Amino acid sequence: MTTQEFQNAILKWFLVSGRDNLPWQKNISAYSVWISEIMLQQTRVNTVIPYFERFTRRFPDVRELSNASIDEVLHYWTGLGYYARARNLHRTANIVANELSGCFPSDIATLITLPGIGRSTAGAIRSIAFKKRGAILDGNVKRVLSRFAAIDGWPGHTRPLKNLWSISEELTPLRNTDSFSQAMMDLGATVCISQPKCHLCPITTGCKAFLSGTQQKYPQKKPKTSLPVKTTHFLMIYNKKLGYLLRKNKSQGIWGGLWVFPQISKMQELDLILRELGLKSIESRTLATSRHTFSHYHLDYVPILIHARELKGQTTRKTCRERWYNPNTPVSLGMPAPVVSLLEQLNN
DNA sequence: AAATCGGGGCT
DNA sequence: AGCCCAGATTT
């Protein structure tokens with residue numbers, strides 16, 4: 001199967017079987033392609049759809065996004081995970097709005113300099129938004145090409161990754177590159193899946209895995225490791241008038257920039273926190289431990305609900321990274337899933 | 001080259 | 001209970 005034949009087969013298949021009704025496929029612009037590509041990093045299409053709709057309704061263009069506060073951007077990202085994506089999105093919006101006159105670059109080298117845009121996302125923006133030649137290599141394309149070329153090794157490792165990029169660059173056409181990129185992702189998402197539907201595939205005549213009956217061998221799986229378990233306590237300090245105390249995380253690290261309950265490792269720290277706040281505990285109750293799983297560890301968290309009152313003649317102090325959150329009059333802040341979950345439970 | 005960075009929906 | 005998803009960035 002020649003490169004030309006491969007491209008023709010893919011493009012022909014796309015006309016009949018490609019997806020054309022996703023929210024980011026209407027009114028295509030560099031902005032909408034960019035937002036969708038960032039949201040879709042390590043995140044499934046069906047999960048992204050409602051987030052994309054809400055996000056682009058609130059931030060319809062790059063200037064609206066650059067003018068927004070990071071807290072509000074993170075609020076619209078709450079529940080999507082990988083919050084560095086939202087922080088990078090905001091940084092890039094400011095660069096594009098303030099330094100690039102509101103226009104996205106179309107060349108790969110410049111796109112890659114923007115925070116959060118790597119080689120594959122740059123290729124997607126260049127091909128789909130600007131309709132110029134741009135190769136991509138996302139999870140779908142990795143699966144298609146690993147099987148098509150029978151690439152050994154986990155695609156996360158350097159050698160197979162380099163091979164896959166080389167093949168993707170070679171196969172990507174000069175014309176119709178937008179349809180080609182979309183088609184390769186659609187093929188990987190609907191046909192070349194875990195249990196592949198090879199009878200629906202347009203490139204079986206050149207697929208090394210199909211021809212040798214080794215579809216299940218590719219792509220080779222990630223080496224598995226057991227996840228460590230970490231434990232923490234969430235202090236749900238509640239005051240009837242003020243609400244719950246939340247603290248803003250530093251921008252680096254887990255849940256960066258998000259608002260969370262104070263976390264402690266020893267119970268003695270609780271008294272210190274309350275004294276600093278000018279509060280006194282009325283009663284406290286330990287709630288059931290829950291497990292939150294990240295990609296690289298389990299977090300067992302013990303919620304401790306503390307009803308507190310203000311000390312006489314003392315106004316409640318707090319730092320600039322602290323604020324009271326009243327679930328009945330919510331404000332736009334980013335919060336990690338367990339915090340949202342606990343606030344919902346306690347408010348019902 | 002390896003680790004970090006979420007959350008959820010399938011299997 | 002694993003597995004992995006329209007990856008990028010830091011160490």
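Residues numbered from 1 in each chain as written. Chains lettered and ligands numbered in written order. Predicted model: local features only at pLDDT ≥ 70, side-chain atom pairs only at ≥ 80, totals over all residues. Heavy atoms only, no water.

Caption draft 1: Representation of the overall build of chain A within the structure. Assigned secondary structure in chain A consists of 14 helices and eight strands. With the principal axes as the frame, chain A shows a C-alpha extent of 80 × 45 × 35 Å. Here chain A, with 348 residues, has 48% of them falling under the buried criterion. Pairs at least 24 residues apart make up 67% of the contacts formed inside chain A by residues separated by at least 6 positions. Surface exposure of chain A reaches about 18,200 Å², of which carbon and sulfur atoms provide 50%. Separation between the mean location of the 45 positive side-chain charges and that of the 24 negative ones in chain A comes to 4 Å. (Helix = DSSP H or I, 4+ residues; strand = E, 2+ residues; numbered from the N terminus. Buried < 20%, exposed > 50% of the residue type's maximum accessible area, 1.4 Å probe, protein only. Contact = heavy atoms within 4.5 Å. Areas by Shrake-Rupley, 256 points an atom, 1.4 Å probe, with all protein chains shown as cover. Lys, Arg positive; Asp, Glu negative; His and termini not counted. Charge placed at Lys NZ, Arg CZ, Asp CG, Glu CD.)

Caption draft 2: Focus on the packing of aromatic side chains. According to the stated counting rule, one finds 14 aromatic pairs in the structure shown. Taking the centre distance of 5.0 Å and the plane angle of 55° together, the rings of tryptophan 34 and phenylalanine 104 count as tilted. Note that tryptophan 34 is positioned in helix 2 (residues 30-39) and phenylalanine 104 in the loop between helix 6 (84-99) and helix 7 (108-113), a separation of 70 residues in sequence. The buried category is assigned to phenylalanine 104, whose relative accessible area is 11%. Ring centres of tryptophan 255 and phenylalanine 294 lie 5.4 Å apart, and the angle between their planes is 55°; on these two criteria the pair is classed as tilted. Of this pair, tryptophan 255 sits in the loop between strand 2 (243-248) and strand 3 (259-260) while phenylalanine 294 sits in the loop between strand 6 (290-293) and strand 7 (298-310); the two residues are 39 residues apart in sequence, bridging distant segments of the chain. Accessibility expressed as a relative area gives 7% for tryptophan 255, which makes it buried. Look at phenylalanine 294 and you get buried, because its relative accessible area is 13%. Among the aromatic side chains, those forming a connected cluster through ring pairs are Phe234, Tyr238, Tyr244, Phe261 and Tyr301. Taking the ring centre of tyrosine 51 as reference, the NZ or CZ of arginine 54 above it sits at 4.9 Å. (Phe/Tyr/Trp six-rings, centres within 6.5 Å; stacked < 30°, edge-to-face > 60°. Lys NZ or Arg CZ within 6 Å of the ring centre and 35° of its normal.)

Caption draft 3: The arrangement of the protein's contact with DNA strand C in detail. Around DNA strand C sit 25 residues, and of these Gln42, Gly116, Asp138, Gly139 and Asn140 come closest. Close to the protein, within 4 Å, the atoms of DNA strand C are drawn from sugar and phosphate at a rate of 62%. Here a phosphate oxygen of DNA strand C sits 2.4 Å away from a polar atom, N or O, in the main chain of glycine 116. Between a phosphate oxygen of DNA strand C and a side-chain N or O atom of asparagine 140, the distance comes to 3.0 Å. (Near = heavy atom within 4 Å. Polar contact = N/O pair within 3.5 Å; in protein donor to acceptor, adjacent residues only side chain to side chain.)

Caption draft 4: Expanded view of the nonpolar core. Of all hydrophobic cores here, the largest spans 87 residues; its most connected members are Trp34, Phe55, Leu65 and Leu145. Element by element, the count of residues in this core is highest for helix 2, at seven residues. Setting aside anything within four residues of it in sequence, one finds phenylalanine 55 in contact with Tyr31, Ile35, Met39, Leu65, Val73, Tyr76, Trp77 and Leu89. Counting residues in each nonpolar core, the second largest holds 13 residues, with Leu270, Leu277, Ile304 and Ala308 among its members. (Core = buried A, V, L, I, M, F, W, Y, C linked by side-chain atoms within 4.5 Å.)

Caption draft 5: Focus on the domain arrangement of chain A. Domain boundaries in chain A define domain 1 (3-217) and domain 2 (229-347). Between the C-alpha centres of domain 1 and domain 2 the distance comes to 37 Å. Listed as interface residues are nine residues of domain 1 and, on the opposing side, 16 residues of domain 2. Counting each side, the surface lost to burial between domain 1 and domain 2 is near 870 Å², with a carbon and sulfur contribution of 51%. Of all residues in domain 1, Asp71, Tyr83 and Arg87 give up the largest surface area on contact with domain 2, accounting jointly for 51% of the area buried on that side. Here aspartate 71 and lysine 248 are joined by a salt bridge, their closest N and O atoms 2.6 Å apart. Here domain 1 and domain 2 share six residue pairs in polar contact (both at pLDDT 80 or more) between them. (Domains from an automatic or database assignment. Buried area = accessible area lost by both parts, 1.4 Å probe. Salt bridge = Lys/Arg side-chain N within 4 Å of Asp/Glu carboxyl O.)

Caption draft 6: Up close: the packing of helix 2 against helix 3 (residues 45-58). It is the contact of helix 2 with helix 3, at a shortest axis distance of 10 Å, that shows an interaxial angle of 140°. Considered as vectors, helix 2 and helix 3 are oriented oblique to each other. When you trace helix 2 past helix 3, the crossing you get is right-handed. Together, Tyr31, Ser32, Ile35, Ser36 and Met39 of helix 2 and Val48, Tyr51, Phe52, Phe55 and Thr56 of helix 3 make up the contact between the two elements. (Axes fitted to C-alpha atoms, helices over the stretch in contact; angles between N-to-C directions. Parallel < 35°, antiparallel > 145°, perpendicular 65-115°, else oblique. Left-handed = near helix turned anticlockwise from the far one by under 90°.)

Caption draft 7: View of the protein's contact with DNA strand B. In the vicinity of DNA strand B, 18 residues are found, and the nearest of them are Tyr82, Tyr83, Thr158, Trp255 and His292. In DNA strand B, atoms within 4 Å of the protein come 58% from sugar and phosphate. Between tryptophan 255 and DNA strand B, the recorded distance is 2.6 Å, taken from a backbone N or O atom to a phosphate oxygen. Here a phosphate oxygen of DNA strand B and a backbone polar atom of alanine 337 are 3.1 Å apart.

Caption draft 8: How the structure looks around the pattern of salt bridges. In the structure shown here, the tally under the stated rule is 10 salt bridges. Across the pair glutamate 64 and arginine 58 runs a salt bridge, and its minimum N-O distance is 4.0 Å. On the basis of relative accessible area, glutamate 64 is assigned to the partly exposed category, the value being 36%. One salt bridge connects aspartate 300 with arginine 291, and the closest N-O pair in it is separated by 2.8 Å. For aspartate 300, a relative accessible area of 16% corresponds to the buried category. Overlapping salt bridges bring together Arg58, Glu64 and Glu72 as one network.

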